[in-house]
Amino acid sequence: MILKSGDYIKDKYSCDYLVIGTGAGGSVAGTLLAEKGCDVVFIEEGGYFPTSSFNNKVGDMTAKLYRNRGISPLIGKPLVALAEGRCVGGGTVINGEGLFRTPKRILDEWQQDYGLMGYSYANLEGHFQKVERDLNVESKSISSEKNTNLDSQKLIEGAKKLNWRTEFVPRAAKNCQYTNSCSIGCPTGAKQSTLVSYLPRAIDAGAKIFSDCRVTKIIHSKGTAHYAIAEVIVKNKKHKIKIYFNYLVIAGGAIQTPHLLKKSNMSKNAGKKLEFHMNVKVIARFPESIYADKGTMFPVQIHEFENEDCYINTSAVKPSYLAMSLATHGNGAINKAIKSYNNMAILNTTMRVKSKGHIFSLIGPNPLVWYKFEPADLIRIKTNIKRMCKVLFAAGAIEVYLPVKKLSLCSIEELDYLIDKIKPKDIDISTVHMMASCPMGADPKTSVVDLNGNLRGMKNVLIADASILPTSIGQSPQETIMTMVNEVMRRHFEKP
């Protein structure tokens, strides 16, 4: 059962387990609980939008599926554009199909530096396999495809000329139709977001989903959480309800989870640190048509630099995305690109960086995220802009637009001169991967949750989302989150 705005007829509800959030972490935790026979209620701040409601209108779907219509900056110099899902299914509805196992070196780092015993690659391998089965993960070659993913084939072509290693991306997709709509909701249901995978299983097992329902505070005393206060809309007016529970699972994401903990006075350390990946994009024009909108977000990645936690791949191409990415280049560049639309491609680099943020929750109902730009990250950004330009020119591009105001080039010879001029304030940076704001660890002084996922200082609260990762990981964290939550729930079920 799914309750939507206007369906709430009571002021009080109760359940065994209340799960706040329906994204990668909350959906796994709640589904496993429901399938164990527990009485589970999910709360989701965003709305419920089934697959049948998804269309190709970027503005319409962005308004429905994203927080703040996709614009939530990390405050610093430069500003970092943050995109965060806010709907039933959370970020899994709007991310790419790529699913990546946590690199072994990252898990080793967590064990050595944060005491995460029992979370080695060998310990988690069975969970990785289970998640991949649940989400129909496949790694499919595109080399035989003649009319789709031509931008990714250009990426392979350029990488081969540079002798750079590429890998086909494991994708959580079942019979992908290449609509290139991953970021605005898959209209065919091929992408195995939690909306079409875990959550239907949870509902079949008896779970309920309260959508359009924002938790504003958790009421607790003497180390035990008792009920949540939430806001819903009834007859176009805000209405407060209470949901009582025996156990609470918080999975609102790396920004909303620490914000709720802080607003509820449940943790002093929550949100003191936030780690994220930086994304920068480079746009290219080719002499021939490559129809980049006929494909999927990133079936292929350059893995040559994975030991630096840097990955290069194609990005979604639609006219509005092209216009937004070229906004700082002015109307002339935008009009030129739109006229050459079928010849355009967008490359993206995802980087693990040293810059870190923190959550500020004292003013108003919404969190603010501040971060400090670390000078070492400028070198990393410049290096990866260079790499994207090199691979594009090697693949035959005739013009490349850098993620810097009015900075473009038509040959590789201009590259070093232009790159050297870039300053941090000049760069367009975005992020979609936030982590580590309520880190798991063995040391109570530095961690927010213990090794079993329990919120420190509380008897009946689990945290089950990206916030519990001790650090960022360099790649999309969806499979890492789902795997970690599987292990957290295993320990929860086996506790005395």
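Structure's up top.
Okay, so let's go over this structure.

1. Some remarks on the pattern of salt bridges
Inspection of the entire model under this criterion finds 30 salt bridges. A salt bridge links Arg67 to Glu84; its shortest N-O distance comes to 3.2 Å. With Arg67 in the loop between α2 (58–65) and β4 (80–82) and Glu84 in the loop between β4 and α3 (104–114), this residue pair connects regions lying 17 residues apart in the sequence. Note on Glu84: relative accessible area 10%, which makes it buried. Glu231 is paired through a salt bridge with Lys238; the nearest N and O atoms lie 3.9 Å apart. The structure contains a network of salt bridges with shared partners spanning Glu45, Arg67, Glu84, Arg86 and Arg214.

2. Quick look at the pairing of strand β9 (residues 214–221)
One ladder, built from 7 bridges, connects β9 with strand β10 (residues 224–234); its direction is antiparallel. Bridge pairing in β10 places His220 opposite Ala225. Between β9 and β10, which follow one another and run antiparallel, lie 2 residues, and Lys222 among them has a positive phi close to 50°.

3. A word on helix α5 (residues 150–162)
Between the first and last C-alpha of α5 there are 19 Å, a value that for 13 residues agrees with the 18 Å anticipated at 1.5 Å per step. Among the residues of α5, those classed as buried are Asp151, Ser152, Lys154, Leu155, Ile156, Gly158 and Ala159. As for α5, its buried residues are in contact with β6 (166–168), β13 (300–302), β14 (310–314), β15 (344–360) and α10 (375–394). With its phi angle positive at about 60°, Asn163 sits one or two positions after the end of α5.

4. Thoughts on the packing of aromatic side chains
The final tally for this structure, using the stated rule, is 8 aromatic pairs. With 6.3 Å between their ring centres and 10° between their planes, Phe100 and Phe298 make a pair best called stacked. Linking Phe100 in the loop between β4 and α3 with Phe298 in the loop between β12 (274–285) and β13, this pair joins segments that are 198 residues apart in sequence. Like Phe298, Phe100 is buried. Centroid distance Trp164 to Phe305: 5.0 Å. Interplanar angle 80°. Geometry classified as edge-to-face. Here Trp164, found in the loop between α5 and β6, pairs with Phe305, found in the loop between β13 and β14; they are 141 residues apart in sequence, far enough to count as distant. In this pair, the class of Trp164 matches that of Phe305, namely buried. Seen from the ring of Phe493, Lys36 lies directly overhead, with NZ or CZ sitting 5.0 Å from the centre. The cationic tip of Arg387 hangs over the ring face of Phe305; the distance from NZ or CZ to the ring centre is 3.6 Å.

What counts and what doesn't
Residues numbered from 1 in each chain as written. Predicted model: local features only at pLDDT ≥ 70, side-chain atom pairs only at ≥ 80, totals over all residues. Heavy atoms only, no water. Salt bridge = Lys/Arg side-chain N within 4 Å of Asp/Glu carboxyl O. Helix = DSSP H or I, 4+ residues; strand = E, 2+ residues; numbered from the N terminus. Buried < 20%, exposed > 50% of the residue type's maximum accessible area, 1.4 Å probe, protein only. Pairing = 2+ DSSP bridges. Expected span 1.5 Å × (residues − 1). Contact = heavy atoms within 4.5 Å. Phe/Tyr/Trp six-rings, centres within 6.5 Å; stacked < 30°, edge-to-face > 60°. Lys NZ or Arg CZ within 6 Å of the ring centre and 35° of its normal.

These figures come from the coordinates and say nothing about function on their own.
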